[in-house]
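Spelled out from the first residue to the last, the chains are:
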2 protein chains.
Amino acid sequence: MADLIARRRALLGPNVSTFYDDPVHIVRGEDVWMWDAEGRRYLDCYNNVPHVGHCNPRVVQAICRQAATLNTHTRYLHEGILDYVERLTATYDDPLKTAILTCTGSEANDIALRMAEAMTGKRGIIATDATYHGNTTLVSHLSKSNVPEVGFGLGQYVRHVEAPDSYRIPDPDGQRFAAKVQASIDDLDRDGIGFAALIVCPLFLNEGFPAQAEGWLRPAAEAVRRAGGLLICDEVQAGFGRCGSHFWGHQKQGVVPDIVTMGKPMGNGHPVAGLVTRPEIMARFRGSFRYFNTFGGNPVSCAAATAVLEELQEKDLQANAARIGRLAQERLSDLALRYEVIGDVRQSGMVFGAEFVLDRDSKAPAAAYADRAVNRMRQRGIILSKLGRHKNTLKIRPPMPFGEDHLDLLMTTLDAVLAETPVTA
Amino acid sequence: MADLIARRRALLGPNVSTFYDDPVHIVRGEDVWMWDAEGRRYLDCYNNVPHVGHCNPRVVQAICRQAATLNTHTRYLHEGILDYVERLTATYDDPLKTAILTCTGSEANDIALRMAEAMTGKRGIIATDATYHGNTTLVSHLSKSNVPEVGFGLGQYVRHVEAPDSYRIPDPDGQRFAAKVQASIDDLDRDGIGFAALIVCPLFLNEGFPAQAEGWLRPAAEAVRRAGGLLICDEVQAGFGRCGSHFWGHQKQGVVPDIVTMGKPMGNGHPVAGLVTRPEIMARFRGSFRYFNTFGGNPVSCAAATAVLEELQEKDLQANAARIGRLAQERLSDLALRYEVIGDVRQSGMVFGAEFVLDRDSKAPAAAYADRAVNRMRQRGIILSKLGRHKNTLKIRPPMPFGEDHLDLLMTTLDAVLAETPVTA
């Protein structure tokens, strides 16, 4: 282990973070399980990339079959990308009917921001102050926690709005958030930059998946449209049925975005990502840029992505996400009756968690406690993490086949960890 | 075919170009061959992505085996990325010993430019006026032919130098090119932007792979170092043994770059790419940015990339590239004795071609002729393209297992096409 960490530092450089104080060395995965080099089994309550389960046989078979048949770029005609985009766009509301396929969600968001500039002639982008949308030079500026010292001056075009926080800052109908967005639009106008787009994860997953009524995002979307800007929904985490009630997070939010970007779960780990948009936005972009992505939409990527859609449908995994999300909410609420440290319980289908606080009255975030709990869960064989505005919320976001037995093991273990972990700042 | 093109336009948008006036509909690939939907076979003299051959069994098997075992991100420890980076950096000269793995060459170049800014505190980037380095918002500005109308104003940081052209503009020792680079450095200083990096394909493949003596790039590299900037070599096309004489193009050019980026051939079509650099540059970047790439360096990508290195080594494909390149030069030179339209013949190992001219004295480029020849070759079952400063040079860049029989079929067919194609503007 020490040897691996030393090699890693020498070969990959410093500050390449691992999860956990005591990193795991995973060598095998299957369904919702992972195994380390010593044969120890872990329940995966964290990874959304293996969306339909680690090493899902349908996806693996699709990759193998296509990789052995043909893998080339999209400057030759191929049915793979067309069949996939047809199937994908069928899950979207009406004007969202054209797509670009890329390899990463970062690439998709990088395109989306250029589309917004091409459509509006403006450069001002609004994101929340607790989000992450990717790693290109342009997109990395959307992360407030990660504003680089350098980055070709692109930070000037970004304004951060306060992330929603249903536990501390009531905003039942989204009007408060819309007002914050409007203030940032005004700010961009005042600075002569102008407003191009609001980009959000429709379920605000990095922000801590706040509890929001259906349609909560509508007022913000209206402010965006009034100002002539675009609404970009980043479904890299939220999409592909995870929220349970809808296939896409934005559908739950009652809005039809101008652009939707996708990534991580799309190919179950195979590097495929992309965006869908309205035909007129696509035409404007295609007229302004000669965009080509060598690996984007290749036959193997499309085979993997098609298998993911098939698996979701045939196993009805969206319904599973809804059911498990409800059960998780109940189990976490039960724990909250016994553990004062749980200040709030939230879920959005197959994303759920508890917010830890030092004191329920002050709601002071217990971030260090969350750290300890996450590391103790790992010691007990449960893989999860933490997130949120205050970095004090359990991030439980398992692969979609996560079932009741898995939930039971997770909650029983969490109970034991909460019992043994003293609440201190 | 018409149906496929219509679906493509509806689903992917306008201006998504295909190769050839009469696009090919490829459904299968094997070694240096591709087949269309009607069972017609094509000799692939163009694709560098299937570097060790379409559907190379070793690579396919590596992908299948690893995809069925584990595919996750690099925040868990895994030997795959470490073993691969060790093997990869062993092919590099000494200080280039740390790596970041990404999914696309565009992502790698996007990082390289940020590294240059982080190291120099400056933003000025120099590229040639006939190059392409990728598709992110920042990187797309390096293509002069593709300077977007929009793009967050990043064009201000780029200066284009005249691409080398060994046929028309003699520059035997690279001094002329170095002087052009120096003039751009001075220009960036004068404009208050300052100089951060020169980024080039070390063999200038998009520019038309000019004939250059070994060590030709040294004077330009010296100008870059004198000015305190970084030399970035983009080996996305040139690398992995293609030039025959060396494993990396920059080695042929007698320089050790500060950063080397890689892409297309690295995983034989699997989306894997990356860069190598000196430890102090990596440390500066890792200190300035919290870069993480979800799919980058995942176990399947590393398995595919490792299989490519193994295949190159065990089949000695670099030596094959050197041998075929020399034979191709001879065959093309023979054709030049009989066809006046061939103004120049050039090769750089497994990249070779002929430059077409309307007149050998004026050297007026015959770009339309090149178009016709490329399309007629396609009709005769030979897949190739054209490129270069004047878009009049055959681009012949086959998979590395391309052998003598394949070369013979290519040259015999080219002879027939040249014989039947009238030379007109």
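Residues numbered from 1 in each chain as written. Chains lettered and ligands numbered in written order. Predicted model: local features only at pLDDT ≥ 70, side-chain atom pairs only at ≥ 80, totals over all residues. Heavy atoms only, no water.

(A) A look at the overall build of chain A. When helices and strands are counted, chain A shows 13 helices and 16 strands. For a compact globule of 425 residues, the expected C-alpha radius of gyration is about 22 Å, and chain A comes in at 21 Å, within 12% of that figure. With respect to the three principal axes, the spread of C-alpha positions in chain A is 60 × 55 × 45 Å. The buried share among the 425 residues of chain A stands at 67%. Once local pairs closer than 6 in sequence are excluded, the contacts in chain A between residues at least 24 apart make up 73%. (Helix = DSSP H or I, 4+ residues; strand = E, 2+ residues; numbered from the N terminus. Rg over C-alpha atoms; globule rule 2.2 N^0.38 Å. Buried < 20%, exposed > 50% of the residue type's maximum accessible area, 1.4 Å probe, protein only. Contact = heavy atoms within 4.5 Å.)

(B) Up close: the confidence of the model for chain A. For chain A, per-residue confidence averages 96 on the pLDDT scale, and 99% of positions sit at 70 or higher. In the model output, the complex is listed with pTM 0.98 alongside ipTM 0.97. (pLDDT = per-residue confidence, 0-100.)

(C) Representation of the interface of chain A and chain B in the model. Contact residues are listed per partner, giving 100 residues for chain A and 100 residues for chain B. For the pair chain A and chain B, the summed buried surface comes to about 8,800 Å²; carbon and sulfur atoms form 60% of the total. The largest share of the area that chain A buries against chain B comes from Tyr76, Leu77 and Phe152 of chain A, three residues that together contribute 11% of it. At the surface where chain A touches chain B, the tally comes to four salt bridges. A salt bridge links Glu86 of chain A to Arg7 of chain B, with the shortest nitrogen-to-oxygen separation between them at 3.0 Å. Inspection of the chain A/chain B interface yields 47 residue pairs in polar contact (both at pLDDT 80 or more). Mapped onto the side of chain A that touches chain B, the elements with two or more residues apiece are α1 (2-12), β1 (26-30), α2 (57-67), α3 (79-89), β4 (98-102), α4 (105-120), α5 (137-140) and α9 (279-288) of chain A. Among the residues forming the side of chain A that touches chain B, the class breakdown is 50 nonpolar, 33 polar and 17 charged. (Buried area = accessible area lost by both parts, 1.4 Å probe. Salt bridge = Lys/Arg side-chain N within 4 Å of Asp/Glu carboxyl O. Polar contact = N/O pair within 3.5 Å; in protein donor to acceptor, adjacent residues only side chain to side chain. Nonpolar A, V, L, I, M, F, W, Y, C, P; charged D, E, K, R; others polar.)

(D) Expanded view of the relation of the copies chain A and chain B. When chain A is fitted onto chain B, the two copies agree to an RMSD of 0.0 Å after a turn of 180° and an axial shift of 0.0 Å. Within this description, the copies of the chain are treated as partners about a two-fold rotation axis. Taking C-alpha positions as the reference, the residue of chain A nearest the rotation axis is Cys64 of chain A, at 2.7 Å. A share of 100% of interface residues in chain A that are also interface residues in chain B marks the association as one of identical surfaces. (Least-squares fit on C-alpha atoms with pLDDT ≥ 70 in both.)

(E) Seen up close, the pairing of strand β3 (residues 41-44) of chain B. Residue and element names in this part refer to chain B. Taken together, the three bridges between strand β2 (residues 33-36) and β3 define a ladder with antiparallel strand orientation. By the bridge assignment for β3, Trp33 is matched with Leu43. Between β2 and the antiparallel strand that follows it, β3, lie four residues; Gly39 among them carries a positive phi value of about 90°. Direction of pairing for β3 relative to strand β13 (residues 382-383): parallel, over a ladder of two bridges. Directly across from Leu43, in β13, lies its bridge partner Ile382. (Pairing = 2+ DSSP bridges.)

(F) Representation of the sheet that holds strand β6 (residues 158-161) of chain B. Residue and element names in this part refer to chain B. Pairing within the open sheet is mixed, and its seven strands lie in the order β4-β10-β9-β8-β7-β5-β6. The sheet is open, and its two edges are formed by β4 (98-102) and β6, each paired on a single side. Strand-to-strand twist across the sheet, computed as the mean angle between neighbouring axes with direction ignored, equals 20°. Relative to β6, strand β5 (residues 124-128) is paired through four bridges, and the arrangement is parallel. For Ile125, the partnering residue across the bridge sits in β6 and is Val158. Lying on the sheet, helix α4 (residues 105-120) is in contact with β4, β5, β7 (195-200), β8 (230-234), β9 (259-262) and β10 (273-277); it crosses β8 at an angle near 175°. (Axes fitted to C-alpha atoms, helices over the stretch in contact; angles between N-to-C directions.)

(G) Up close: the state of the cysteines. Counted according to the given criterion, the structure contains one disulfide over all chains. Put simply, Cys64 of chain A and Cys64 of chain B are joined by a disulfide, and their sulfur atoms are 2.5 Å apart. One end of the pair, Cys64 of chain A, is in helix α2; the other, Cys64 of chain B, is in helix α2 (residues 57-67), on a second chain. The same class applies to Cys64 of chain A as to Cys64 of chain B, namely buried. You can see Cys302 of chain B has no disulfide; the closest cysteine sulfur is in Cys103 of chain B, sitting 11 Å from it. (Disulfide = S-S within 2.5 Å.)

(H) Representation of the pattern of salt bridges in the model. Inspection of the entire model under this criterion finds 64 salt bridges over all chains. Measuring nitrogen to oxygen at the nearest pair gives 2.3 Å for the salt bridge that ties Arg168 of chain A to Glu355 of chain A. Of the two residues, Arg168 of chain A is situated in the loop between β6 (158-161) and α6 (175-190) and Glu355 of chain A in strand β12 (residues 352-359); the sequence distance between them amounts to 187 residues. Across the salt bridge formed by Lys315 of chain B and Glu311 of chain B, the nearest N and O atoms sit 2.4 Å from each other. The class for Glu311 of chain B is buried, based on a relative accessible area of 4%.

(I) Just the packing of aromatic side chains, in detail. One pass over the structure, following the stated rule, counts 28 aromatic pairs over all chains. Aromatic pair Phe356 of chain A and Tyr369 of chain A: ring centres 5.0 Å apart, planes at 80°, arrangement edge-to-face. Remark: Tyr369 of chain A occurs in helix α12 (residues 367-379) and Phe356 of chain A occurs in strand β12; sequence separation between them is 13 residues. Given the relative accessible area of 0%, Phe356 of chain A is considered buried. Between Phe19 of chain B and Tyr46 of chain B, the aromatic rings sit 5.2 Å apart at their centres with planes inclined by 70°, giving edge-to-face as the arrangement. (Phe/Tyr/Trp six-rings, centres within 6.5 Å; stacked < 30°, edge-to-face > 60°.)

(J) Broad picture of helix α12 (residues 367-379) of chain B. Residue and element names in this part refer to chain B. The end-to-end C-alpha separation of α12 is 19 Å, in line with the 18 Å expected for 13 residues at 1.5 Å each. Looking at the packing, one finds that the buried side of α12 touches β3, β12 (352-356), β13, β14 (385-387), β15 (393-395) and α13 (404-420). Once α12 finishes, Gly381 follows within two positions and takes phi at roughly 90°, a positive value. (Expected span 1.5 Å × (residues − 1).)

(K) Examining the sheet that holds β13 of chain B more closely. Residue and element names in this part refer to chain B. One open sheet holds the four strands; their spatial order is β1-β2-β3-β13, and the pairing between them is mixed. Each having just a single partner strand, β1 (26-30) and β13 make up the two edges of the open sheet. Of the pairings in the sheet, the one linking β1 to β2 comprises four bridges and is antiparallel in character. Bridge pairing in β2 places Ile26 opposite Asp36.

(L) The arrangement of the domain arrangement of chain A in detail. All names here are of chain A. Here the domain parsing of chain A yields domain 1 (2-52 + 316-420) and domain 2 (58-314). Distance from the C-alpha centre of domain 1 to the C-alpha centre of domain 2: 25 Å. The partner domain 2 presents 40 residues to the 38 residues of domain 1 that form the contact. Of the roughly 2,900 Å² buried at the junction of domain 1 and domain 2 (both faces included), carbon and sulfur atoms supply 54%. Counting across the interface, domain 1 meets domain 2 through three salt bridges. The interface formed by domain 1 and domain 2 holds 23 residue pairs in polar contact (both at pLDDT 80 or more) in total. Mapped onto the side of domain 1 that touches domain 2, the elements with two or more residues apiece are α11 (317-338), β11 (342-347), β12 and β16 (393-395). The residue makeup of the side of domain 1 that touches domain 2, split by class, is 16 nonpolar, 13 polar and nine charged. (Domains from an automatic or database assignment.)

(M) Representation of the environment of Pro202 of chain A. Residue and element names in this part refer to chain A. Considering the arrangement of structural elements, one finds Pro202 in the loop between β7 (195-200) and α7 (218-226). We classify Pro202 as buried; its relative accessible area is 0%. As for Pro202 and Arg176, which are separated by 26 residues in sequence, their C-alpha atoms are 16 Å apart. For Pro202, the residues in contact, after removing those within four places along its chain, are Gln212, Leu217, Cys233, Asp234, Glu235, Ala238, Gly249, His250 and Gln253.

(N) Molecular detail of the nonpolar core. By size, the foremost hydrophobic cluster in this structure holds 174 residues, and its most contacted members are Phe352, Phe356 and Leu410 of chain A together with Phe352, Phe356 and Leu410 of chain B. In this structure, Ala116 and Ala197 of chain A together with Ile100 and Ala197 of chain B belong to the second largest nonpolar core, which totals 98 residues. (Core = buried A, V, L, I, M, F, W, Y, C linked by side-chain atoms within 4.5 Å.)

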